[in-house]
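# Coordinate inspection notes
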Amino acid sequence: MTVLIVEDEPQAVQWIESLLMELVPQAIVVGRLESVKQSVHWFSANPAPDLILMDIQLADGLSFQIFDQCTVSSAVIFTTAFNEFALKAFKVNSIDYLLKPIDKGEFDGALKKFILLSGPAKEHPARMLENINLA
């Protein structure tokens with residue numbers, strides 16, 4: 001599973017990545033971006049990741065601007081401190097909306113939901129659920 005992290009707070013990036021590696025050790029982080037501008041450029045130059053872990057408020061604007069400027073076909077788990085954007089998030093590829101500080105159990109549930117929704121036709125079959133265990 002390839003994962004892109006779009007988050008402008010370094011501590012949040014570290015926490016999200018450490019949770020991801022603990023819960024899905026075979027995940028590959030293909031990038032860490034901190035702005036709308038970087039993200040738009042990245043999507044124009046790289047293949048779509050399987051999953052995006054995305055904050056709403058970025059260094060140069062709201063992450064929804066990314067969807068306005070380029071095609072994003074990946075599933076998104078939003079990670080944010082703001083609850084007022086939840087409805088809008090589900091209009092743009094969102095499979096979950098996690099409020100900061102991110103709870104390990106909620107993150108685990110979001111990853112499991114992603115894997116289940118990916119279906120057997122994708123490269124990440126539901127058997128990957130066996131590899132996601134809460135300590």
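Residues numbered from 1 in each chain as written. Predicted model: local features only at pLDDT ≥ 70, side-chain atom pairs only at ≥ 80, totals over all residues. Heavy atoms only, no water.

### Let's talk about the nonpolar core
Here is the rule: Joining through side-chain atoms within 4.5 Å is the link that ties buried Ala, Val, Leu, Ile, Met, Phe, Trp, Tyr and Cys residues into a set, and such a set is a nonpolar core. With a 1.4 Å probe rolled over the protein chains alone, any residue whose accessible area is under 20% of its type maximum counts as buried; one over 50% counts as exposed, and the rest are partly exposed. Note on conventions: DSSP H or I runs of at least 4 residues are helices, E runs of at least 2 residues are strands, and numbering of each starts at the N terminus.
In this structure, Leu-20, Leu-51, Leu-53, Ile-77, Phe-107 and Leu-111 are the most contacted members of the largest nonpolar core, which totals 23 residues. Every element with two or more residues in this core is listed here: strand S1 (2-6), helix H1 (10-23), strand S3 (51-54), strand S6 (75-80), strand S7 (94-99) and helix H5 (104-118). Counting 22 residues, the second largest nonpolar core, distinct from the first, contains Val-40, Trp-42, Ile-56 and Leu-58.

### A short note on the packing of aromatic side chains
For the record, the criterion: Stacked, tilted and edge-to-face are the three classes assigned to paired rings of Phe, Tyr and Trp, where Trp is represented by its six-membered ring and a pair needs centres within 6.5 Å; plane angles under 30 degrees give stacked, over 60 edge-to-face, the rest tilted.
Per the stated rule, a full pass over the model turns up five aromatic pairs. On the basis of an interplanar angle of 85 degrees and a centroid distance of 5.4 Å, the ring pair of Trp-42 and Phe-43 is categorised as edge-to-face. Assessed through its relative accessible area of 11%, Trp-42 is described here as buried. On the basis of an interplanar angle of 45 degrees and a centroid distance of 6.4 Å, the ring pair of Phe-78 and Tyr-97 is categorised as tilted.

### Quick word on helix H2 (residues 36-45)
Inclusion rule: Each C-beta atom gives one direction from the helix axis, and the arc is the one those directions make. Two residues form a contact once any of their heavy atoms are found within 4.5 Å. For this analysis, a polar contact is any N or O atom pair within 3.5 Å, provided that within protein one partner can donate a hydrogen and the other can accept it, and provided that sequence-adjacent residues contribute only side-chain to side-chain pairs.
Every buried residue belonging to H2 is among Val-36, Ser-39, Val-40, Trp-42 and Phe-43, and all of these are buried. Projected down its long axis, H2 carries its buried residues within an arc of 160 degrees, all on one side. Of the exposed residues in H2, those oriented more than 90 degrees away from the buried face are Lys-37, His-41, Ser-44 and Ala-45. Check the buried side of H2 and you find it contacts S1, strand S2 (28-33), S3, strand S4 (57-58), strand S5 (61-62) and helix H3 (64-69). Its side-chain oxygen at 3.0 Å from the backbone nitrogen of Gln-38, Ser-35 defines the N-terminal cap of H2.

No statement about biological role is implied by the geometric values presented.
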